[in-house]
Amino acid sequence: MKIAIDKKLCNGNGLCVKACPVGAITLKNGQAVIDHEKCDLDGICIPACPNEAIALEDE
Ligand code: SF4
């Protein structure tokens with residue numbers, strides 16, 4: 001499993017960046033980017049996104 005960002009839905013508001021307890025999300029060119037090395041798949045960022053741009057997906 002991995003956390004995936006839907007680029008069509010992400011508007012770069014940065015709410016997931018603040019929500020992630022391990023600092024696994026950064027903004028690049030106005031889009032959230034997940035560092036999969038740091039992400040521990042806790043799912044905290046999923047409800048933090050009002051645009052529903054974040055989901056847990058099969059790899
Ligand atoms: S699932 Fe958890 S650790 Fe991974 S990016 Fe989201 S908030 Fe951070």
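Residues numbered from 1 in each chain as written. Predicted model: local features only at pLDDT ≥ 70, side-chain atom pairs only at ≥ 80, totals over all residues.

Novice: Would you explain the overall build of the protein in this entry?
Specialist: When helices and strands are counted, the protein shows 2 helices and 4 strands. Counting from the amino terminus, helix and strand elements in the protein follow one another as β-α-β-β-α-β. The C-alpha atoms of the protein give a radius of gyration of 10 Å, which matches the 10 Å a tight globule of 59 residues would have. With respect to the three principal axes, the spread of C-alpha positions in the protein is 25 × 20 × 20 Å. Summarising the internal contacts of the protein: among those between residues at least 6 apart in sequence, 56% fall at separations of at least 24. (Helix = DSSP H or I, 4+ residues; strand = E, 2+ residues; numbered from the N terminus. Rg over C-alpha atoms; globule rule 2.2 N^0.38 Å. Contact = placed C-beta atoms within 7 Å.)

Novice: Would you mind going over the site of the ligand with me for this structure?
Specialist: Around the ligand sit 14 residues in total, of which Cys20, Cys39, Asp42, Ile44 and Cys45 are the nearest. Tallied by class, residues from the shell around the ligand come to 11 nonpolar, 1 polar and 2 charged. (Near = placed C-beta within 6 Å. Nonpolar A, V, L, I, M, F, W, Y, C, P; charged D, E, K, R; others polar.)

Novice: Looking at this model, I keep getting lost on unusual backbone geometry. Mind explaining?
Specialist: With the exception of glycine, the majority of residues adopt a negative phi angle, and the majority of peptide bonds are in the trans configuration. Even without being a glycine, Leu41 presents a positive backbone phi close to 60 degrees. With respect to the element layout, Leu41 can be found in the loop between β3 (31-34) and α2 (45-48). For Leu41, a count of 11 C-beta atoms within 10 Å puts it in the exposed group. Notably, Glu52 is not glycine yet its phi reads approximately 55 degrees, a positive angle. Relative to the elements of secondary structure, Glu52 occurs in the loop between α2 and β4 (54-57). (Buried ≥ 20, exposed ≤ 12 C-beta atoms within 10 Å, placed from the backbone.)

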